[in-house]
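Coordinate analysis (summary)
What follows is each chain in one-letter form.
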There are 2 protein chains.
Amino acid sequence: MKPNFTLRLRVFNLNCWGIPYLSKHRADRVKRLGDFLNLESFDLALLEEVWSEQDFQYLRQKLLPTYPAAHYFRSGIIGSGLCVFSKHSIQEFTQHVFTLNGYPYMIHHCDWFCGKAVGLLVLHLSGLVLNAYVTHLHAEYNRQKDIYLAHRVAQAWELAQFIHHTSKKADVVLLCGDLNLHPKDLGCRLLKEWTGLHDAYLETRDFKGSEEGCTMVPKNCYVKQQDLGPFPLGIRIDYVLYKAVSGLYISCKTLKTTTGHDPYSGPPFSDHEALMATLCVRHSPPQHNPSPTHGPAESSPLTSVLREAWAEVDQGMAQARWWATVAGYAIGLGLLLLALLCALAAGGWIREAALLLWTPSVGLVLGAGAFYLFHVQEAKSLCKTRTELQHVLGRAREAQDLGPESQPALLLGQQEGDRVEEQ
Amino acid sequence: MKPNFTLRLRVFNLNCWGIPYLSKHRADRVKRLGDFLNLESFDLALLEEVWSEQDFQYLRQKLLPTYPAAHYFRSGIIGSGLCVFSKHSIQEFTQHVFTLNGYPYMIHHCDWFCGKAVGLLVLHLSGLVLNAYVTHLHAEYNRQKDIYLAHRVAQAWELAQFIHHTSKKADVVLLCGDLNLHPKDLGCRLLKEWTGLHDAYLETRDFKGSEEGCTMVPKNCYVKQQDLGPFPLGIRIDYVLYKAVSGLYISCKTLKTTTGHDPYSGPPFSDHEALMATLCVRHSPPQHNPSPTHGPAESSPLTSVLREAWAEVDQGMAQARWWATVAGYAIGLGLLLLALLCALAAGGWIREAALLLWTPSVGLVLGAGAFYLFHVQEAKSLCKTRTELQHVLGRAREAQDLGPESQPALLLGQQEGDRVEEQ
């Protein structure tokens, strides 16, 4: 790595809306997307909602000359829908499937069946280690009464923790994906505060694209008004986030989004808008004092967002326990009903009706049993998240008490000593 | 960190066999274990099979003066059973739940309900970063016909990958736990080859304990002969594994195991034997040439173990797909039966029998449906593991082709350059 080098990284991100049989004009959109990616020759193209592995294989073949490396992240029953195409060889990849991801009985929402996850790719570019993450969090179906809020906060925390623990030796960290979170939503703030990632849209001086950087806009012919809820002008839920370790300086030179059409003013690639960012990594200029991820000025927002997340997850946990209790009563009721039906059938009274009711009663017991087990597991997972948040919160408070000088070291754990037995 | 310092780390590991209502003398064993841990004052005590959170809370209270830091890893429906007590403050913790962990319909084996996982603790000791991992893999119920083999290999790989990706900045890595793997089993070799961890039992010059370091021995009054299967003299399935980064040198000064009794020749703490290791971390002596994790001599065993794991996972995947197909036929059969029963009942023929058969038919359709979904997910997860193994195998072969000098860099990705655009 020469001292005056600049690493220029061109990144593409798109939620492809690739649901087999349901998404309109899928084949045509995937074809046009492949043509565009080949023409533009990005360093990395990170895609979400490629639910069909055939679509991935089609793109893989088509993009092979321009993007020799590719990976599809498999998980859950349907799949995570995440995949990536890279101009550079991929050194390593792995993935983490989120512990909580909605409810299996909310079949019409389908998220549970997808196994939503975060995928990690490690690339080596001019002696720098780049950790690139791609993710897709649980969808928001009703902003006013969001039953998935605790799950999405837990996912944002798991995502942040995964990045935090796997990127400790990375020089550059990049996260792209559909977070299903607005910029000021709790999960988004939590992710940014805990990882120290910067938002390309907020950082760049050269932005071209949809108003306010929205990635779902009413101009897009695949977007229905109800998808935007109380935001008729559009929402920003897809992101390019990045950071570099100290000694390096990363900036977003340009950021573009599509604006309800494809880049040639043709029909859109998806119901989401694509993000195209050009990032520059340089050595820190001498006058630049590399600020730690959680510096003094940031410790207060971190504490406050951790506290907020703790409260949200705690509420979710109470809710999960309540549902488990309800399920417990339903199991009891079902068993009682079954006993009654057995007695009626054995006694010869309304025998046929008793036999007819046998199926729903067994169904009630088994269904309530599964419901109970699911919510016990949900409560346990939320409890795990709450404990982790509590621990970090405790350490953030400790750091605040010790004063600004000790904060970065204590929170990031660079140097703190402990007891040692010396010989 | 002084140049001539030695960090001495005393570690305790035990699978506690703490199943509420089922494990014999649980309360007494937990009490005596607490007394012993307090007396010995280890740096770290890592426990498995603490299934009851009450047991953990009891130990937490009891051990508070000696081990001010503690953590219980919650997951799944029952819990991971993992917990840890530390004399030193815990900087960070997180966990990864294994994607595959047996079958929900194998209720009598129960593993699926536990949410088996690996827990990570980050500690800072005299300026060194210690990543301590605790884990418990899926049990082996029948060595001759092990239906869980592919799952255990996949778990060992996920464990190895989790350690590999989260310990890149750690100075010292420690893994304790019940791997349910014999030393020469595929999963154990895969884990050691990919992470570069060393086995305390094989490395120490001062071992005291059961023959061959066994951690389940026939002398233990809680061990039944059938638990040992074809190994009547005992099996070694619990481990203390470690490594240090280059520049540091770690050795196991002493390793002890209990021998079917507690350390005072009283009744045993568990049906497993406890491991007690004293590890020493020093600066590398000048004559010591720190060998890379995957050095030239080791690349061949790595390639061969990766190939073996690939084949095992591939076979598991074929099996999973076969079960999914069987389930598909069962769904069809169930639907056919239901239609027939509806026709019979409507026509007034053997109405009562038709109504009686209604419940098992609906059960067949729903059960087969759940079975189908589970095995589709299993196949997907195994496919993910296979792809990761394939990728690493490809890179290991590449490294071999390039000759011994390029191997460590290529495999561990320390320095390899790639295309770069310079300005």
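Here the structure is a predicted model, which means the values were calculated and not measured. (Residues numbered from 1 in each chain as written. Chains lettered and ligands numbered in written order. Predicted model: local features only at pLDDT ≥ 70, side-chain atom pairs only at ≥ 80, totals over all residues. Heavy atoms only, no water.)

**Some thoughts on the overall build of chain A**
Of the regular secondary structure elements, chain A holds 10 helices and 13 strands. Within the span of chain A, comprising 423 residues, buried residues form 57% of the whole. Long-range pairs, those at least 24 residues apart, make up 74% of the contacts in chain A with a sequence separation of at least 6. Working note: accessible area of chain A is about 17400 Å², and carbon and sulfur atoms make up 59% of it. (Helix = DSSP H or I, 4+ residues; strand = E, 2+ residues; numbered from the N terminus. Buried < 20%, exposed > 50% of the residue type's maximum accessible area, 1.4 Å probe, protein only. Contact = heavy atoms within 4.5 Å. Areas by Shrake-Rupley, 256 points an atom, 1.4 Å probe, with all protein chains shown as cover.)

**Notes on the side chain of B:Arg29**
Residues and elements named next belong to chain B. Relative to the elements of secondary structure, Arg29 occurs in helix α1 (residues 26–40). Here Arg29 is buried and forms no salt bridge, its nearest opposite-charge partner Asp271 lying at an N-O distance of 6.3 Å. For Arg29, the side chain forms a polar contact with the main-chain oxygen of Lys24, separated by 2.8 Å. In this view, Arg29 contacts Cys16, Trp17, Ser23, Lys24, Tyr222, Pro268, Phe269 and Ser270; residues no more than four positions away in its chain are not counted. (Lys, Arg positive; Asp, Glu negative; His and termini not counted. Salt bridge = Lys/Arg side-chain N within 4 Å of Asp/Glu carboxyl O. Polar contact = N/O pair within 3.5 Å; in protein donor to acceptor, adjacent residues only side chain to side chain.)

**Let's talk about the environment of A:Pro65**
Residue and element names in this part refer to chain A. Take Pro65: it is sitting in the loop between α2 (53–63) and β3 (69–73). Relative accessible area serves as the criterion here: at 71%, Pro65 is assigned to the exposed category. Expressed as a C-alpha distance, the spacing of Pro65 and Ser210, which sit 145 residues apart in the sequence, is 31 Å.

**As for a nonpolar patch on the surface**
All names here are of chain A. Together, Leu333, Leu337, Leu340 and Leu364 line one region of the surface with nonpolar side chains, adding up to about 350 Å² of accessible area. Looking at which element gives the most residues to the nonpolar patch, the answer is helix α8 (residues 296–347), with three residues. Relative to the helices and strands, Leu340 resides in helix α8. (Patch = residues over 30% accessible without salt bridge, like charges linked within 9 Å, V, L, I, M, F, W, Y side chains within 5 Å.)

**Focus on the sheet that holds strand β4 (residues 82–86) of chain B**
Residues and elements named next belong to chain B. What the seven strands build is an open sheet, ordered β3-β4-β2-β1-β13-β12-β10; its pairing is mixed. Looking at strand neighbours, the two that pair on one side only are β3 (69–73) and β10 (207–208), the edges of this open sheet. In terms of strand pairing, strand β12 (residues 248–257) meets strand β13 (residues 275–283) through nine bridges, oriented antiparallel. By the bridge assignment, Lys256 is partnered in β13 with Met276. Sitting on the sheet, α1 touches β1 (6–18), β2 (44–50) and β13, and the angle it makes with β1 is about 175 degrees. (Pairing = 2+ DSSP bridges. Axes fitted to C-alpha atoms, helices over the stretch in contact; angles between N-to-C directions.)

**Overview of the packing of aromatic side chains**
Residues and elements named next belong to chain A. What the rule picks out here adds up to 39 aromatic pairs over all chains. Relative to Phe374, the ring of Tyr103 has its centre 5.8 Å away and its plane inclined at 70 degrees; by these criteria the two rings are edge-to-face. Here Phe374 lies in helix α9 (residues 351–402) and Tyr103 lies in the loop between β5 (90–97) and α3 (111–114), a separation of 271 residues in the sequence. By the burial criterion, Tyr103 is buried, and Phe374 matches it. Residues Trp322 and Trp323 carry aromatic rings whose centres are separated by 5.0 Å and whose planes lie at 75 degrees to one another, so their mutual orientation is edge-to-face. The exposure class assigned to Trp322 is partly exposed, which follows from its relative accessible area of 49%. Within the aromatic cluster, the residues linked to one another by ring pairs are Tyr103, Tyr105, Tyr141, Tyr148, Trp322, Trp323, Phe371 and Phe374. In this structure, Arg29 packs its charged tip against the face of Tyr222, placed 5.3 Å from the ring centre. (Phe/Tyr/Trp six-rings, centres within 6.5 Å; stacked < 30°, edge-to-face > 60°. Lys NZ or Arg CZ within 6 Å of the ring centre and 35° of its normal.)

**Some points on the UniProt feature "transmembrane region" (unreviewed entry) in chain A**
Listed under "transmembrane region" (unreviewed entry) in the UniProt record, and renumbered for this structure, are residues 326–349 and 355–374 of chain A. Span residues 355–374 of chain A is 100% helix and 0% strand, its end C-alpha atoms 29 Å apart. (UniProt positions renumbered as here; feature names shortened; annotations may be inferred.)

**Re the environment of B:Glu398**
In this fold, B:Glu398 is placed in helix α9 (residues 351–402). Assessed through its relative accessible area of 39%, B:Glu398 is described here as partly exposed.

**Quick look at the pairing of β2(B)**
Residues and elements named next belong to chain B. Burial analysis of β2 places seven of its seven residues in the buried class, the great majority of the element. Inspection of the sheet shows β1 paired to β2 by six bridges, in the parallel sense. In the strand pairing of β2, Val11 is matched with Leu44. One crossover worth recording links β1 to the parallel β2 by way of α1, and it is right-handed. The sheet contact formed by β2 and β4 spans four bridges and is antiparallel. When the bridges of β4 are listed, Leu46 appears paired with Val84. (Right-handed = clockwise from strand over helix to strand, strands pointing away.)

**Things to note about the pattern of salt bridges**
Working definition: two side chains of opposite charge can pair if their charged atoms are close together. The full count for this structure, using the stated rule, is 38 salt bridges over all chains. The shortest N-O distance in the salt bridge between A:Lys116 and A:Asp111 comes to 2.7 Å. Since its relative accessible area comes to 4%, A:Asp111 is described here as buried. Residues B:Asp262 and B:Arg32 are paired through a salt bridge, measuring 2.9 Å at the closest nitrogen-oxygen approach. With B:Asp262 in the loop between β12 and β13 and B:Arg32 in helix α1, the pair connects residues that are 230 residues apart, well separated along the chain. The pair formed by B:Asp262 and B:Arg32 is uniform in burial state, with each residue classed as buried. Here the salt bridges share partners, and the residues they tie into one network are A:Asp28, A:Arg32 and A:Asp262.

**Remarks on the packing of helix α4 (residues 149–166) of chain B against helix α5 (residues 186–195) of chain B**
Residue and element names in this part refer to chain B. Here α4 crosses α5 at 15 degrees, and the two axes come no closer than 9 Å. Put simply, α4 runs roughly parallel to α5. Crossing handedness for the pair α4 and α5: right-handed. Contacts from Val153, Ala156, Trp157, Leu159, Ala160, Gln161, Ile163 and His164 in α4 reach Leu186, Gly187, Leu190, Leu191, Trp194 and Thr195 in α5. Its residues assigned to classes, the contact of α4 with α5 shows 10 nonpolar, four polar and no charged. (Parallel < 35°, antiparallel > 145°, perpendicular 65-115°, else oblique. Left-handed = near helix turned anticlockwise from the far one by under 90°. Nonpolar A, V, L, I, M, F, W, Y, C, P; charged D, E, K, R; others polar.)

**Looking at helix α1 (residues 26–40) of chain A**
Between the first and last C-alpha of α1(A) there are 21 Å, a value that for 15 residues agrees with the 21 Å anticipated at 1.5 Å per step. With its phi angle positive at about 50 degrees, A:Ser41 sits one or two positions after the end of α1(A). (Expected span 1.5 Å × (residues − 1).)

**Digging into helix α5 (residues 186–195) of chain A**
Residue and element names in this part refer to chain A. A large share of α5 lies buried, amounting to seven of its 10 residues. Residues of α5 that are buried include every one of Leu186, Gly187, Cys188, Leu190, Leu191, Trp194 and Thr195, and no others. Gly196 occupies a position one or two residues after α5 and carries a positive phi of about 75 degrees.

**So, unusual backbone geometry**
One can expect most non-glycine residues to show negative phi and most peptide bonds to be in trans. Even without glycine at this site, A:Tyr21 takes up a positive phi of about 70 degrees. Here A:Tyr21 shows up in the loop between β1 (6–18) and α1. Residue class for A:Tyr21 comes out exposed when judged on its relative accessible area of 83%. One non-glycine residue, B:Cys110, lies in positive phi territory at about 70 degrees. Structurally, B:Cys110 is set in the loop between β5 (90–97) and α3 (111–114).

**Quick look at the environment of A:Ser41**
Residue and element names in this part refer to chain A. Mapped onto the secondary structure, Ser41 falls in the loop between α1 and β2 (44–50). Separated by 236 residues in sequence, Ser41 and Ala277 have C-alpha atoms that sit 13 Å apart. Here Ser41 is in contact with Arg10, Thr66, Tyr67 and Lys87, once residues within four sequence places are set aside.

**What about the UniProt feature "domain: Endonuclease/exonuclease/phosphatase" (unreviewed entry) in chain A?**
As annotated in UniProt, the feature "domain: Endonuclease/exonuclease/phosphatase" (unreviewed entry) corresponds to residues 14–272 of chain A in the numbering used here. In the segment residues 14–272 of chain A, helix accounts for 25% and strand for 29%; the C-alpha atoms at its two ends are 7 Å apart.

**Describing the sheet that holds strand β7 (residues 128–136) of chain B**
Residue and element names in this part refer to chain B. Read from one edge to the other, the open sheet built from six strands follows the order β5-β6-β7-β8-β11-β9, with strand pairing classed as mixed. Bordering the open sheet on either side are β5 and β9 (198–199), each of which pairs with just one other strand. Relative to strand β11 (residues 238–244), strand β8 (residues 172–178) is paired through seven bridges, and the arrangement is antiparallel. From the neighbouring strand, Val173 faces β11, where its bridge partner is Lys243.

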